Amino acid sequence: MPGWGRDESEWEELVGAGRQFLVEVAARRGTTSYTELNAVLVERTGLAGFDFSKQADRAAMGHLLGLVVERDAPTGSGPMLSALVHYVGGSDAGAGFYALAQQRGLLRKGASTYERMAFWVDQLNQLYALHAGGGAGA
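The present account deals with the structure reproduced in this document. (Residues numbered from 1 in each chain as written. Predicted model: local features only at pLDDT ≥ 70, side-chain atom pairs only at ≥ 80, totals over all residues. Heavy atoms only, no water.)

## Some details on the overall build of the chain
Counting secondary structure elements, the chain contains five helices and two strands. Starting at the N terminus, the α and β elements of the chain follow one another as α-β-α-α-β-α-α. Overall, the chain is about 35 × 35 × 30 Å in size when its C-alpha atoms are taken along their principal axes. Classification of the 138 residues of the chain by burial places 43% in the buried group. Across the chain, the fraction of contacts at a sequence separation of at least 24, relative to all contacts at a separation of at least 6, is 60%. For the chain, the exposed area adds up to about 6900 Å²; of that, 53% sits on carbon and sulfur atoms. Counting 12 positive and 15 negative side-chain charges, the chain places the averaged centre of each group 6 Å from the other. (Helix = DSSP H or I, 4+ residues; strand = E, 2+ residues; numbered from the N terminus. Buried < 20%, exposed > 50% of the residue type's maximum accessible area, 1.4 Å probe, protein only. Contact = heavy atoms within 4.5 Å. Areas by Shrake-Rupley, 256 points an atom, 1.4 Å probe, with all protein chains shown as cover. Lys, Arg positive; Asp, Glu negative; His and termini not counted. Charge placed at Lys NZ, Arg CZ, Asp CG, Glu CD.)

Encoded structure:
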């Protein structure tokens with residue numbers, strides 16, 4: 001596993017805290033930003049945050065979200081928790097979300113903007129239904 005200056009136990013802690021926070025976000029039918037997720041991870045784990053001015057740390061956050069999705073839906077079925085995360089001021093998930101969806105066979109390569117947006121909204125609705133009121137997996 002790429003380390004980005006972190007050992008395996010740190011990654012495990014970040015994945016657990018990230019997954020828990022995103023389940024909470026889904027339970028309240030919300031979304032969050034990379035910036036807010038980063039702040040919550042620092043607060044909950046005490047570990048150093050990601051510096052988004054550095055490409056390596058932006059890549060590390062993407063890696064972390066991939067690990068969260070893998071832990072939450074290891075078989076490739078089920079909605080991707082990373083759908084809840086967007087750029088500050090953004091209107092949908094980041095490019096990494098769509099790339100991961102394509103890798104998992106959930107979204108066809110070359111999907112139109114409309115197809116991507118419809119997929120994202122469907123992922124949000126599935127997450128909200130799954131975690132409503134702190135339900136399954138919470």
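## Notes on unusual backbone geometry
A positive phi angle is found at W4, which is not glycine, with a value near 45°. Positive phi outside glycine occurs at R29, with the angle close to 60°. Here R29 lies in the loop between α1 (8-27) and β1 (32-33). Accessibility expressed as a relative area gives 54% for R29, which makes it exposed.

## Points about the packing of α1 against helix α2 (residues 34-45)
At a closest axis distance of 10 Å, the pairing of α1 and α2 adopts a crossing angle of 120°. The angle between the axes of α1 and α2 places the two elements in the oblique class. Crossing of α1 over α2 shows right-handed handedness. Listed contacts from α2 to E13, L14, A17, G18, Q20, F21 and E24 of α1 are E36, L37, V40, L41, R44 and T45. Residue classes in the contact of α1 with α2 are distributed as six nonpolar, three polar and four charged. (Axes fitted to C-alpha atoms, helices over the stretch in contact; angles between N-to-C directions. Parallel < 35°, antiparallel > 145°, perpendicular 65-115°, else oblique. Left-handed = near helix turned anticlockwise from the far one by under 90°. Nonpolar A, V, L, I, M, F, W, Y, C, P; charged D, E, K, R; others polar.)

## A short note on the layout of surface pockets
Looking at the largest pocket, its volume works out to about 390 Å³. Together, 18 residues line the largest pocket, and Y34, R58, G62, L65 and Y87 are the ones closest to its centre. Going through the elements one at a time, α2, α3 (55-72) and α4 (95-103) are the ones with two or more residues in the lining of the largest pocket. Tallied by class, the residues present in the lining of the largest pocket amount to 11 nonpolar, six polar and one charged. (1 Å grid on protein atoms, 1.4 Å probe; cavity = no way out; pocket = protein on both sides within 12 Å on 5 of 7 lines; lining within 4 Å. Points joined across faces, edges and corners; volume = space filled by probe spheres on them.)

## As for the environment of A59
The residue A59 is located in helix α3 in this model. C-alpha separation for the pair A59 and T32, spaced 27 residues apart in sequence, amounts to 18 Å.

## What to know about the nonpolar core
Grouped together as the largest cluster of nonpolar side chains are 38 residues, with contacts concentrated most on L22, L41, F50, M61, L64, L84 and F97. Listed by contribution, the elements that provide at least two residues to this core are α1, α2, α3, α4 and α5 (113-131). The element contributing the most residues to this core is α1, with nine residues. Setting aside its immediate chain neighbours within four residues, L84 contacts L22, V25, A26, G30, T31, T32, L124, L127 and Y128. (Core = buried A, V, L, I, M, F, W, Y, C linked by side-chain atoms within 4.5 Å.)

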